[in-house]
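The lines below spell out each chain.
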Amino acid sequence: MNNDRRRILLVVDGSYQSFETVNYVSGVLPPAGSEVVLLHIMSKVPEAFWDLEKDPAWRQKVQTVRGWEKQQEKKIGDFMSRATHVFMDAGFPGDAVKTEVRERNEGIARDIGAESVRGYKAVILGRRGLSAIKDIALGGVAYKLVLKLANTSVWLVGGQPETNNILVGIDSSDGAMLAVDHVSKMIRGTSPRITLIHVIRSLDAGQEGYEPIFTEDYLKKRTEEAVQQVKPVIRKAIDDLTAAGIPPERISTRIVTGVSSRAGTILDEARRGDYGTIVVGRRGLSTVEEFDMGRVSNKLIQAAKDRAVWLVD
């Protein structure tokens with residue numbers, strides 16, 4: 001398998017958000033060198049249910065369920081056809097878009113997880129619509145996948161995000177540089193506007209209402225040190241992006257200091273600058289080593305309901 005080929009798994013369920021996710025992916029991925037697998041896991045009625053058809057009291061109900069099942073099969077078939085045409089209209093070759101409809105085996109999240117290890121660069125899905133759960137609340141399929149696919153890059157798409165502006169959270173961690181590398185590979189051949197943002201929290205964040213712990217001079221010195229520390233990392237990130245073909249004039253940087261929330265600052269910047277995509281490393285977007293799902297990444301996927309959030313691993 002060509003390791004440079006952008007092979008992605010796009011999970012769909014026939015919902016409105018799934019179709020918006022198709023539109024987003026067709027706009028953000030360059031057609032050349034990309035391969036999209038559209039996967040739908042279908043929950044079919046257990047075979048044992050059809051045995052009730054022999055019982056006159058259940059016959060009508062069974063026929064109703066049969067009709068519903070056929071209707072669902074037609075619905076997802078029509079969806080796959082529409083989605084394929086979206087990619088082809090965007091310039092994707094016909095053989096670069098594949099569709100898979102499979103019967104549920106161990107569970108939707110587990111079945112997707114089993115497929116995800118087969119050479120995909122990213123697993124992409126809408127944050128709403130998968131299953132009867134209407135949001136990414138704990139217990140939803142989308143959230144289960146975020147937790148389960150800990151070694152896979154996951155894109156969660158909400159609303160109708162624009163595809164030309166990308167905001168990348170960066171610090172000196174390996175996770176942040178993996179995020180930059182992922183962006184470089186996934187958009188190679190296009191020229192979106194990319195901003196690298198580094199957020200430095202105030203040392204006295206959360207101490208409002210209490211006597212200051214640090215002097216202003218100390219806080220200023222530590223902030224200046226943190227800014228100087230991240231500058232070589234930002235330069236390397238810019239070099240990596242330009243090496244991938246992104247014009248230098250399309251890359252900008254922003255360092256924000258003295259704030260109380262990293263995730264909140266990133267989201268505010270995304271809204272102000274109309275960034276449809278937020279990219280972060282699953283781990284490392286802080287001064288502590290672990291960037292677990294209880295911190296910045298979790299806050300972003302919960303709050304960025306009208307954006308695409310890429311969690312890179």
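Residues numbered from 1 in each chain as written. Predicted model: local features only at pLDDT ≥ 70, side-chain atom pairs only at ≥ 80, totals over all residues. Heavy atoms only, no water.

Let's talk about the confidence of the model for the protein
- Across the protein, pLDDT averages 83, with 80% of residues at or above 70.
- Confidence drops under a pLDDT of 50 for residues 130-139, and excluding neighbours within four residues, the segment shows 21 contacts in the predicted structure.
- In the model, residues 285-294 has pLDDT below 50 throughout and makes 29 contacts with residues more than four positions away in sequence or in other chains. (pLDDT = per-residue confidence, 0-100. Contact = heavy atoms within 4.5 Å.)

Here we look at helix α6 (residues 174-186)
- Counted at 1.5 Å a residue, the expected span for α6 with its 13 residues is 18 Å, and the 18 Å between its end C-alpha atoms agrees.
- Taken together, the buried positions of α6 are occupied by Gly175, Ala176, Met177, Ala179, Val180, His182, Val183, Ser184 and Met186. (Helix = DSSP H or I, 4+ residues; strand = E, 2+ residues; numbered from the N terminus. Expected span 1.5 Å × (residues − 1). Buried < 20%, exposed > 50% of the residue type's maximum accessible area, 1.4 Å probe, protein only.)

With respect to the pattern of salt bridges
- If you walk through the whole model with that rule in mind, you get 13 salt bridges.
- Across the salt bridge formed by Glu115 and Arg118, the nearest N and O atoms sit 2.9 Å from each other.
- Exposure remark for Glu115: the relative accessible area of 5% places this residue in the buried category.
- Here Asp181 ties to Lys185 by a salt bridge, and the two come within 3.2 Å at their closest N and O atoms. A residue pair is termed a helical-turn pair when its members lie 3 or 4 positions apart in one helix, as Asp181 and Lys185 do in helix α6 at four residues.
- Note on Asp181: relative accessible area 32%, which makes it partly exposed.
- For Lys185, a relative accessible area of 42% translates into the label partly exposed.
- Residues joined in a network through salt bridges with shared partners are Glu100, Arg102, Glu115 and Arg118. (Salt bridge = Lys/Arg side-chain N within 4 Å of Asp/Glu carboxyl O.)

Observations concerning the nonpolar core
- In this structure, Leu10, Leu38 and Trp310 are the most contacted members of the largest nonpolar core, which totals 47 residues.
- If we skip the residues at most four places from it in the chain, Leu10 touches Thr21, Val22, Val25, Val36, Val37, Leu38, Leu39, Phe87 and Ile124.
- By size, the runner-up hydrophobic cluster in this structure holds 37 residues, among which are Ala109, Tyr143, Ala270 and Leu300. (Core = buried A, V, L, I, M, F, W, Y, C linked by side-chain atoms within 4.5 Å.)

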